[in-house]
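Summary of the model geometry
So you can see what is in the structure, the chains are spelled out below.
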Amino acid sequence: MPDAETAKDLLVAELREHALVLGEVTLTSGRTASYYVDAKRAIMRPAGFRALGELLAAEVQRLGATAVGGLTMGADPVACAALAGGADATAFFIRKETKAHGLQRRVEGPFLTDADRCLVVEDVVTTGGSTVKAIEALQAEGRTIVGVVTVLDRLAGGGARIEDAGGAPYVALTTIDDVHPDRDDA
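Quantities reported herein were computed from a predicted structural model and do not represent experimental measurements.

**Overview of helix H4 (residues 76-84)**
Residues Asp 76, Pro 77, Val 78, Ala 79, Ala 81 and Ala 82 constitute the buried set of H4. Elements that come into contact with the buried residues of H4 comprise helix H2 (40-43), helix H3 (46-63), strand E3 (67-71), strand E4 (90-94), strand E6 (117-125) and strand E7 (144-153). Positive phi shows up at Gly 86, right after H4, with a value of about 100°.

Below, the structure is given as structure tokens:
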């Protein structure tokens, strides 16, 4: 099994090759940017998924997390990669709104208990809005958050906002400086 630096290097290479899109785009925050990082295009390929899984499994172990997940759609492949990477945890997904039928849950997957230590994950962080929504949903259910991990941080202030909301450490596995160091807004 490769070491963490090799896994990070592989993840960065996959993000550069498959996820970085150059050209003007409108971000979820409403801001415009000269590039976009569609991390799912890299992490839903075998090499990117394996590298991400290895890095996340190490974070799950380091933080003592027992459950990993976040707001659907960005967190879905990230949480699954953690499990595939060998994390000794369950996965969960948070709906944008509580389901109106069936079990009427907002947090899906195995039921979380008071003993669970949740690691919130995200694919890309810009302002941190989606991740903060996930944190707030878990806090509303009385869950313990032990950390937040993102695949890529665009370094636009979201990390500090997430740490404030979650009261737990925030880790970016990669940043835009790793993936697109020659951008003009650096």
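**A word on the sheet that holds E7**
Strand order across the open sheet formed by six strands is E5-E4-E3-E6-E7-E8, with mixed pairing between neighbours. Only two strands of the sheet have a single partner each, and these edge strands are strand E5 (107-108) and strand E8 (170-175). Here E4 runs beside E5; their pairing, made up of two bridges, is antiparallel. Residue pairing for E5: Phe 93 is matched across the bridge by Glu 108.

**Here we look at the pairing of E7**
Of all 10 residues in E7, nine are buried, a share of seventy percent or more. Pairing between E6 and E7: eight bridges, direction parallel. Counterpart to Val 124 in the pairing with E7 is Leu 152. Handedness of the crossover is the feature at issue here: the chain leaves E6, passes through helix H5 (residues 129-140), returns alongside E7, and the resulting connection is right-handed. Following the chain from E7 across helix H6 (residues 158-166) to the adjacent parallel E8, one finds a crossover that is right-handed.

**Re the environment of Arg 45**
Position of Arg 45 relative to the elements: it lies in the loop between H2 and H3. Residue classification places Arg 45 among the partly exposed residues on the basis of a relative accessible area of 39%. In this structure, the C-alpha to C-alpha distance between Arg 45 and Glu 14, residues 31 residues apart in sequence, is 8.7 Å. Apart from residues no more than four positions distant in its own chain, Arg 45 is found in contact with Glu 14 and His 18.

**Some thoughts on the state of the cysteines**
In a disulfide, the sulfur atoms of two cysteines are held together by a covalent bond. Evaluation of the coordinates by the stated rule reveals zero disulfides. A disulfide-free cysteine, Cys 80 has its sulfur positioned 16 Å from the sulfur of Cys 118, the nearest such atom.

**Concerning the nonpolar core**
Residues Leu 11, Leu 15, Val 37, Leu 52, Leu 56, Leu 119 and Val 121 are the most contacted members of the largest nonpolar core, which totals 38 residues. Looking at this core, the elements that each hand over two or more residues are helix H1 (4-19), strand E2 (32-37), H2, H3, H4, E6, E7 and helix H7 (176-179). Considering every element that reaches this core, the biggest residue donor is H3, with seven residues. Contact partners of Val 121, with chain neighbours within four places excluded, come to Leu 56, Val 68, Gly 69, Gly 70, Ala 75, Val 78, Ala 79 and Val 149.

**Let's talk about the layout of surface pockets**
Approximately 620 Å³ is the volume attributed to the largest pocket. As for the largest pocket, its lining consists of 26 residues, and the residues nearest its centre are Thr 28, Glu 122, Asp 123, Val 124 and Ser 130. For the lining of the largest pocket, the elements supplying multiple residues, two or more each, are E2, E6 and H5.

**Things to note about the pattern of salt bridges**
One pass over the full model with this rule turns up seven salt bridges. Glu 59 is paired through a salt bridge with Arg 62; the nearest N and O atoms lie 2.7 Å apart. Note that Glu 59 and Arg 62 are positioned in helix H3 at a spacing of three residues, about one turn of the helix. Here Arg 143 ties to Asp 114 by a salt bridge, and the two come within 3.0 Å at their closest N and O atoms. Of this pair, Arg 143 sits in the loop between H5 and E7 while Asp 114 sits in the loop between E5 and E6, placing them 29 residues apart in sequence. Linked by salt bridges that have partners in common, Arg 95, Arg 105 and Glu 108 make up one network.

Rules behind the numbers
- Residues numbered from 1 in each chain as written.
- Predicted model: local features only at pLDDT ≥ 70, side-chain atom pairs only at ≥ 80, totals over all residues.
- Heavy atoms only, no water.
- Buried < 20%, exposed > 50% of the residue type's maximum accessible area, 1.4 Å probe, protein only.
- Helix = DSSP H or I, 4+ residues; strand = E, 2+ residues; numbered from the N terminus.
- Contact = heavy atoms within 4.5 Å.
- Pairing = 2+ DSSP bridges.
- Right-handed = clockwise from strand over helix to strand, strands pointing away.
- Disulfide = S-S within 2.5 Å.
- Core = buried A, V, L, I, M, F, W, Y, C linked by side-chain atoms within 4.5 Å.
- 1 Å grid on protein atoms, 1.4 Å probe; cavity = no way out; pocket = protein on both sides within 12 Å on 5 of 7 lines; lining within 4 Å.
- Points joined across faces, edges and corners; volume = space filled by probe spheres on them.
- Salt bridge = Lys/Arg side-chain N within 4 Å of Asp/Glu carboxyl O.

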